[in-house]
Amino acid sequence: MPSLQHFVTRMPGRSGWLVAACCIALAGAAVTAQSAPQQQPGIVLVKLGIGDMSKAEQANLWKLVDEYATVDALQEFCGTKLNLQRRAWLAVSACVDPASLRKVFAKFRTKKGEYLKQWETLHGQPEAKKAVCERFKTKLGEYSKIMSGQINEAATACRNCFFC
């Protein structure tokens, strides 16, 4: 399991959480796909999917899923449920293919479950749990704000999407 210090140093520099990354990457792919002339004039509604992403964008997406699952597992371990999946679904379901969202969330749930189990195994005793949660209390608050902000940013991007 990657160290939490790894996430502490990388998290604030991230430009997006898995939903924001997915939306931004998928929007970029849609621009490329939409550049071909359309046979019918007017607006064509598009829901973007993982298949619209390049291999590099997909690799980055799965890396983000893993990293944020680690942080969300720690949040839950310390008693905070952020309801990220529900909030993310509401934020971007209008512009991202539901099958792609389900795939991302399934991977997120699997990874989060693995990390939560590891946190419980390593620090499940009440005193150890209390010490870990106290040590990361400030960072957990920052993570919560970052994730909430990025979900809101993704929702705004989806509402303003020219391709969706």
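Residues numbered from 1 in each chain as written. Predicted model: local features only at pLDDT ≥ 70, side-chain atom pairs only at ≥ 80, totals over all residues. Heavy atoms only, no water.

A. Looking closely at the state of the cysteines. In this structure the tally under the stated criterion is two disulfides. The disulfide that involves C78 links it to C133, with 2.0 Å between the sulfurs. Torsion about the S-S bond of the C78 and C133 cystine: about -90°, corresponding to left-handed handedness. Placement of the pair is C78 in the loop between α3 (55–77) and α4 (84–92) and C133 in helix α6 (residues 126–135), with a sequence separation of 55 residues. (Disulfide = S-S within 2.5 Å. Helix = DSSP H or I, 4+ residues; strand = E, 2+ residues; numbered from the N terminus.)

B. Broad picture of the packing of aromatic side chains. Under the criterion given, the structure shown has two aromatic pairs. Aromatic pair W89 and F105: ring centres 6.3 Å apart, planes at 45°, arrangement tilted. Of the two residues, W89 is situated in helix α4 and F105 in helix α5 (residues 98–123); the sequence distance between them amounts to 16 residues. Here the guanidinium or amino end of K129 rests over the ring plane of F77, the centre of that ring lying 4.9 Å away. (Phe/Tyr/Trp six-rings, centres within 6.5 Å; stacked < 30°, edge-to-face > 60°. Lys NZ or Arg CZ within 6 Å of the ring centre and 35° of its normal.)

C. The pattern of salt bridges, seen in detail. Within this structure, the stated rule accounts for six salt bridges. Of the charged contacts in the structure, one is a salt bridge between K112 and D72, with a shortest N-O distance of 2.9 Å. With K112 in helix α5 and D72 in helix α3, this pair connects stretches of sequence that are 40 residues apart. Here the two residues K112 and D72 agree in accessibility, since each one is buried. Salt-bridge contacts for E76 lead to K81; the nearest nitrogen and oxygen are separated by 4.0 Å. Classification of E76 by relative accessible area gives partly exposed; the value is 24%. One continuous salt-bridge network, built from bridges that share partners, spans D72, E76, K81 and K112. (Salt bridge = Lys/Arg side-chain N within 4 Å of Asp/Glu carboxyl O. Buried < 20%, exposed > 50% of the residue type's maximum accessible area, 1.4 Å probe, protein only.)

D. Quick peek at unusual backbone geometry. For N83, which is not glycine, the phi dihedral falls at a positive 50°. Inspection of the secondary structure puts N83 in the loop between α3 and α4.

E. Expanded view of the nonpolar core. One finds L74, F77 and V92 to be the most contacted residues of the largest nonpolar core, which totals 35 residues. Those elements that provide at least two residues to this core are α3, α4, α5, α6 and α7 (137–159). Tallying contributions element by element places α3 first for this core, with nine residues. Among all residues touching F77, those that are not within four sequence positions of it are L116, W119, E120, H123, K129, V132 and C133. (Core = buried A, V, L, I, M, F, W, Y, C linked by side-chain atoms within 4.5 Å. Contact = heavy atoms within 4.5 Å.)

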